[in-house]
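Each chain, letter by letter, is given below.
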Amino acid sequence: MTLKIYLSGEIHTDWREQIVAGAKGLDVSFASPVTDHAASDDCGVAILGAEPNKYWHDHKGAMLNAIRTRKGISDADVVVVRFGDKYKQWNAAFDAGYAAALGKSIIVLSPPEDQHALKEVHAAALAVTETPAQVVAVLRYVLTGILPA
């Protein structure tokens, strides 16, 4: 069984790379949003033209990024949503809700101190993890039935 996994959320750390590296040898494929923060923020105005108002600048970018996000989540079997501790990832919460509405299996990756703030997101998830290694262990178990040593 091949699993298509969409890695959503925080873009300031290497959690995606840790999961991809840890999942080597598993029958998985990965997709993600654009993780170049500047490109993600400025894609709308770079492609569709400048905006004097920051709202419309951000709105254009959000719309273009949504094309990739919707496709990635729609095609995914599993959506991993990462909430980091430096910034509030409102987009990650939105992605989790979208994935839940589509009936996708969700794995949340978040620090324990955010448990209360994310309780509704956690309730929609099939697994709540604290480390990329735990995400990999979940994927390994789902695909192989093998528990961590």
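Provided above is the structure to which this section pertains.
Let us look at the structure shown here. Every residue gets a number counted from 1 within its own chain, in the order that chain's sequence is written. In keeping with the model being predicted, local features are shown solely for residues with a pLDDT of at least 70 and side-chain atom pairs are shown and tallied solely at 80 or more, while totals for entire chains, interfaces and linings include all residues. By convention in this description, side-chain values take in all heavy atoms of the structure and omit both hydrogens and water.

### Concerning the side chain of Gln 89
Argument step 1. Strands here are runs of E lasting at least two residues and helices are runs of H or I lasting at least four, both read from the DSSP assignment and numbered beginning at the N terminus. Checked against the element boundaries, Gln 89 lands in the loop between strand S3 (78-82) and helix H4 (90-101).
Argument step 2. Three labels apply to residues, based on accessible area from a 1.4 Å probe with only protein chains included: buried if under 20% of the type maximum, exposed if over 50%, partly exposed otherwise in between. A residue is classified by how much of its surface remains accessible, and Gln 89, at 8% relative accessible area, is buried.

### What about the pattern of salt bridges?
Argument step 1. Between Lys or Arg on one side and Asp or Glu on the other, a salt bridge is scored when a side-chain nitrogen of the former is within 4 Å of a carboxyl oxygen of the latter. Tallied over the entire structure, the rule returns five salt bridges.
Argument step 2. The residue Asp 58 makes a salt bridge to Lys 54 at a minimum N-O spacing of 2.9 Å. Of the two residues, Asp 58 and Lys 54 both sit in helix H3 (residues 54-75), four residues apart, roughly one turn of that helix.
Argument step 3. For Lys 71, the salt bridge is made with Asp 75, and the minimal N-O distance between the two is 2.8 Å. Within this pair, Lys 71 and its partner Asp 75 are both found in helix H3, separated by four residues, close to a single helical turn.

### Focus on the packing of aromatic side chains
Argument step 1. Working definition: a ring pair exists when centres of Phe, Tyr or Trp rings (six-membered ring for Trp) sit within 6.5 Å. Plane angles under 30 degrees give stacked, over 60 give edge-to-face, the rest tilted. Enumeration over the complete set of coordinates arrives at one aromatic pair.
Argument step 2. With a centroid separation of 4.7 Å and an interplanar angle of 85°, the aromatic rings of Tyr 55 and Trp 56 are classed as edge-to-face.
Argument step 3. Residue classification places Trp 56 among the partly exposed positions, given a relative accessible area of 43%.

### Remarks on a nonpolar patch on the surface
Argument step 1. Distance thresholds for patches are 9 Å for like charges and 5 Å for nonpolar side chains (Val, Leu, Ile, Met, Phe, Trp, Tyr), applied to residues having over 30% relative accessible area and no salt bridge. For every accessible area listed, the method is Shrake-Rupley and the probe measures 1.4 Å; residues are considered covered only by the protein chains on display. Side chains of Met 1, Tyr 141, Val 142 and Leu 147 sit close together on the surface and give an oily, nonpolar patch of about 470 Å² of accessible area.
Argument step 2. Relative to the helices and strands, Val 142 resides in helix H6 (residues 132-144).
Argument step 3. The class for Val 142 is partly exposed, based on a relative accessible area of 44%.

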